[in-house]
Amino acid sequence: MSVVAPSGIKITAVETVQLPQYQNILWLRLHTDAGLIGLGETFRGADAVATYLHTEGARALLGANPLEIDRISKLMLEPYIGFRSSGVEIRAASAIDIALWDLFGKVTGQPIHQLLGGLTRPRIRTYNTCAGYSYNKSGRQRAVTAGTSEAPEGPYDDQIAFNHDAGALAQSLLSEGITAMKIWPFDPFAVANGGNFIHRHEIDTALRPFRQIRDAVGDRMEVMVELHSMWDLPSALAIARALQEFRPFWAEDPIKMQDTDALVSYARRSGLPVCASETLATRASFIELLRKDAVDYVMLDVSWCGGLSEARKIAAVAEGFQRPVAPHDCTGPIVFAASIHLALNLPNAVFQESVRAYYSTWYRDLVTVMPRIENGMIYPLQGPGLGTELAPDVLTRKDAVVRKTTAADI
């Protein structure tokens, strides 16, 4: 039973919310004449995305029926410039699309996963991205090198942990039922060397966490290696050859996603499964990877690829090529919620990424409802739409940057 007549609802205001403490995150609230508000989120370049939303975005959205999701998605994903990238236009489109699906759920009184077609599983396995509490909250990711003496902020400062004693970290994760983890010990050497050379002794240093994990827990832990698109092909292949004995579950973004043929070469020569890529947007980019047999695991980011509408199309294409999907999340709590709805619907979802340092602490400060995460499994949010909202004090904080655009403003 509908909460409101779908034919009459219109978008009346575009509102963005930012907090200085979380400089990378932008929240979008789409207000309607029915009193319902759709919530979206995107990540990185928050100031630029907010400007775009209050100009180009507002002109396209104000007065529109928010239930025309496919029409609006197509409109926002095909700007004069910006398509096929994950830049400002597509990140704005992604936030809009998430908010539209949230509104759809609120209009119908159903959770997003039901509107996508229902649950294909009651829960989904997660892997822990071994970031710390402050990783990625503002500016660039925090760099931590092997053997760091930096003091952890709390028990889940997992980036420090994997550089200090990855075996103990693996045991900690297994004690919570988490049987897969992702680490990036090669990154500091990419920064130092420009990504086009790695010394043998640097490779040996970066392999230390993998040795510790295998020595401590054997094959009970799946280990993903994240390479952050920081290496050229010869260096990435040198790393891959050294990693083979540790049997990583995948090598993620081993080279820059600007040359599909180079990634094909890596996939054929590395001996490792390839995961790609959170950096890509729209299904056209992923189709190219799939057609050329360049990828084994498809990773998409709901807030960067075009939103839930585009993400489910990317996943459908991947399913046609018999490839699993693993939604990315090292961003904010609303993208995390949207990704959970998607992953629990997709027949070919294999993992939902999560960061325990995030969902155990600051995510909880920002939203009203958190998903249930137990024994390495994530369970569905049950409320209408996303099933969660920004916490009331987020909007009333003195340092909150809240902007609202209505028809009178443009």
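In this text the structure is predicted, and so the values were computed from the model without any measurement. (Residues numbered from 1 in each chain as written. Predicted model: local features only at pLDDT ≥ 70, side-chain atom pairs only at ≥ 80, totals over all residues. Heavy atoms only, no water.)

Undergrad: Which parts of the structure should I look at to understand helix H7 (residues 200–217)?
TA: Since the α-helix packs 3.6 residues into each turn, any two residues three or four apart lie on the same face. The terminal C-alpha atoms of H7, which comprises 18 residues, lie 26 Å apart, in line with the 26 Å expected from a rise of 1.5 Å per residue. The principal kink in H7, of about 35°, is found at Leu207, preceding the proline Pro209 by one to four residues. Here H7 has its buried residues at Glu202, Ile203, Ala206, Leu207, Pro209, Phe210, Gln212, Ile213, Arg214 and Val217. Against the buried residues of H7 lie helix H5 (158–175), strand E5 (180–183), helix H6 (187–193), strand E6 (222–226) and helix H8 (233–243). Once H7 ends, the next one or two residues include Gly218, with phi positive near 60°. (Helix = DSSP H or I, 4+ residues; strand = E, 2+ residues; numbered from the N terminus. Expected span 1.5 Å × (residues − 1). Bend = angle between axes of the 7 residues up to and from the residue. Buried < 20%, exposed > 50% of the residue type's maximum accessible area, 1.4 Å probe, protein only. Contact = heavy atoms within 4.5 Å.)

Undergrad: Help me understand the sheet that holds strand E1 (residues 11–18), please; the structure alone is not making it clear to me.
TA: As a general point, the strands of a sheet are linked pairwise by backbone hydrogen bonds and lie either parallel or antiparallel. Spatial strand order, E3-E2-E1-E13: 4 strands in an open sheet with antiparallel pairing. Two strands close off the open sheet at either side, each with one partner strand: strand E3 (37–43) and strand E13 (401–406). Averaged over all neighbouring strand pairs, the angle between strand axes comes to 20°, with direction disregarded. Against the sheet, helix H1 (residues 46–61) makes contact with E1, strand E2 (25–32), E3 and E13, and its axis sits at roughly 180° relative to E1, the strand it touches most. (Pairing = 2+ DSSP bridges. Axes fitted to C-alpha atoms, helices over the stretch in contact; angles between N-to-C directions.)

Undergrad: I would appreciate a short explanation of the environment of Lys137 in the present structure.
TA: Along the chain, Lys137 falls in the loop between strand E4 (124–129) and H5. Of the residues examined, Lys137 reaches a relative accessible area of 15% and is grouped as buried. Separated by 108 residues in the primary sequence, Lys137 and Glu245 have C-alpha atoms spaced 34 Å apart. Aside from chain neighbours lying at most four places away, what touches Lys137 is Gln21, Tyr22, Gln23, Asn24 and Trp362.

Undergrad: Help me understand the nonpolar core in this model?
TA: General note: in soluble globular proteins, nonpolar side chains tend to be found buried as a group. Judged by nonpolar contacts, the single largest core of 134 residues is most densely connected at Trp27, Leu30, Met181 and Phe186. Sort the elements by how many residues they give to this core and helix H3 (residues 88–108) lands first, with 11 residues. When near neighbours in sequence (up to four residues on either side) are disregarded, Trp27 contacts Glu15, Thr16, Val17, Leu19, Leu39, Gly40, Glu41, Ile334, Leu366, Leu390 and Val394. Residues Tyr127, Tyr297, Ala326 and Phe351 belong to the second largest nonpolar core, which totals 10 residues. (Core = buried A, V, L, I, M, F, W, Y, C linked by side-chain atoms within 4.5 Å.)

Undergrad: Help me understand the state of the cysteines, please; the structure alone is not making it clear to me.
TA: Structurally, a disulfide amounts to a covalent bond that connects the sulfur atoms of two cysteines. What the rule picks out here adds up to 0 disulfides. You can see Cys305 has no disulfide; the closest cysteine sulfur is in Cys275, sitting 14 Å from it. For Cys330, which is in no disulfide, the shortest distance to another cysteine sulfur is to Cys130 and amounts to 10 Å. What makes Cys330 buried here is its relative accessible area of 4%. (Disulfide = S-S within 2.5 Å.)

Undergrad: Could you clarify how one ought to interpret the packing of aromatic side chains in this entry?
TA: Working definition: an aromatic ring pair is given by the centre-to-centre distance plus the angle between the planes. Applying the stated criterion across every chain, the model contains 19 aromatic pairs. Their ring planes at 35° and their centres at 6.1 Å tell us that Phe210 and Phe246 sit as a pair that is tilted. In this pair, Phe210 is assigned in helix H7 and Phe246 in the loop between H8 and strand E7 (250–252), connecting sequence segments 36 residues apart. Judged by its relative accessible area of 3%, Phe210 is buried. A residue is classified by how much of its surface remains accessible, and Phe246, at 6% relative accessible area, is buried. An aromatic cluster is present here, built from Tyr22, Phe336, Tyr358, Tyr359, Trp362 and Tyr363 joined pairwise through their rings. Of note, Arg372 hangs over the ring of Tyr379, and the distance from its end group to the ring centre comes to 3.8 Å. (Phe/Tyr/Trp six-rings, centres within 6.5 Å; stacked < 30°, edge-to-face > 60°. Lys NZ or Arg CZ within 6 Å of the ring centre and 35° of its normal.)

Undergrad: Looking at this structure, how should I read the pattern of salt bridges?
TA: Close approach of charged atoms lets side chains of opposite charge pair. Evaluation of the coordinates by the stated rule reveals 20 salt bridges. For Asp158, the salt bridge identified is with Arg356, shortest N-O distance 2.8 Å. Linking Asp158 in helix H5 with Arg356 in helix H13 (residues 356–366), this pair joins segments that are 198 residues apart in sequence. Judged by its relative accessible area of 1%, Arg356 falls in the buried class. (Salt bridge = Lys/Arg side-chain N within 4 Å of Asp/Glu carboxyl O.)

Undergrad: Which parts of the structure should I look at to understand the pairing of E3?
TA: Where a strand is regular, its side chains alternate between the two sheet faces. When you tally the buried positions in E3, you get 6 out of 7 residues, the bulk of the element. Taking the residues that link successive antiparallel strands as the turn, the E2-E3 hairpin has 4 residues, and the phi of Gly35 there is positive, at about 85°.

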